[in-house]
Amino acid sequence: MDDTPFTFEEPCPIRDVLDRIGDQWSFLVLTGLEGGTMRFSELMRAIGDVSKQMLSRTLRRLEEDGLVSRTVYPEVPPRVEYALTELGRSLLEPLRALIRWADDNHRTIVLSRRRVRDAA
């Protein structure tokens, strides 16, 4: 029997994907684009308190992962639009389920946090 420890050449697929889509801004961008194509400024207004730099970084990462497409139109000034790809759209159902779960269980979670803090 070989005693050499097994190592992944790539990171754990579950952690790799969840780390990318599980952050606050990616989640909001993906759900924000659910209604259709948006320009950067529209998406920024829809999300609210995200900085330009963070939104730009998040969109770049989501595009890199194939979840969002970026289309640049040769106009002056250039018009750039973002949309969910087919892969990004396939993620909406599990995201909506997670949103429902969070909404259904938020009160219980908050009460549990209080109990633990009060016991400390």
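Residues numbered from 1 in each chain as written. Predicted model: local features only at pLDDT ≥ 70, side-chain atom pairs only at ≥ 80, totals over all residues. Heavy atoms only, no water.

> Describe the nonpolar core, with residues and values.
Membership of the largest hydrophobic core comes to 22 residues, with the highest contact counts inside it found for Val 29, Leu 30, Leu 33, Leu 43, Leu 55 and Val 68. Sorting the residues of this core by element identifies helix 2 (24-32), helix 3 (40-47), helix 4 (52-64), strand 3 (79-84) and helix 5 (86-119) as the ones contributing at least two each. The element that contributes the greatest number of residues to this core is helix 2, accounting for 4 residues. Excluding residues that lie within four positions of it along the chain, Leu 30 makes contacts with Ile 21, Leu 62, Leu 67, Val 68, Leu 84, Leu 91, Leu 92 and Leu 95. (Core = buried A, V, L, I, M, F, W, Y, C linked by side-chain atoms within 4.5 Å. Buried < 20%, exposed > 50% of the residue type's maximum accessible area, 1.4 Å probe, protein only. Helix = DSSP H or I, 4+ residues; strand = E, 2+ residues; numbered from the N terminus. Contact = heavy atoms within 4.5 Å.)

> Explain the pattern of salt bridges to me, using residue names and the numbers behind them.
As a working rule, side chains carrying opposite charge can pair if their charged atoms are close by. Overall, the coordinates contain 5 salt bridges when judged by the stated rule. Among the ionic pairs, Glu 34 bridges to Arg 96, the shortest N-O distance being 2.4 Å. Of this pair, Glu 34 sits in the loop between helix 2 and strand 1 (38-39) while Arg 96 sits in helix 5, and the two are 62 residues apart along the sequence. For Glu 34, a relative accessible area of 31% gives the class partly exposed. On the basis of relative accessibility, which here comes to 35%, the residue Arg 96 falls in the partly exposed class. The partner of Glu 75 in a salt bridge is Arg 79, and the shortest N-O contact between them spans 3.0 Å. Take Glu 75: its relative accessible area is 36%, and that puts it in the partly exposed class. With relative accessibility at 21%, the residue Arg 79 sits in the partly exposed group. The structure contains a network of salt bridges with shared partners spanning Arg 20, Glu 64 and Asp 65. (Salt bridge = Lys/Arg side-chain N within 4 Å of Asp/Glu carboxyl O.)

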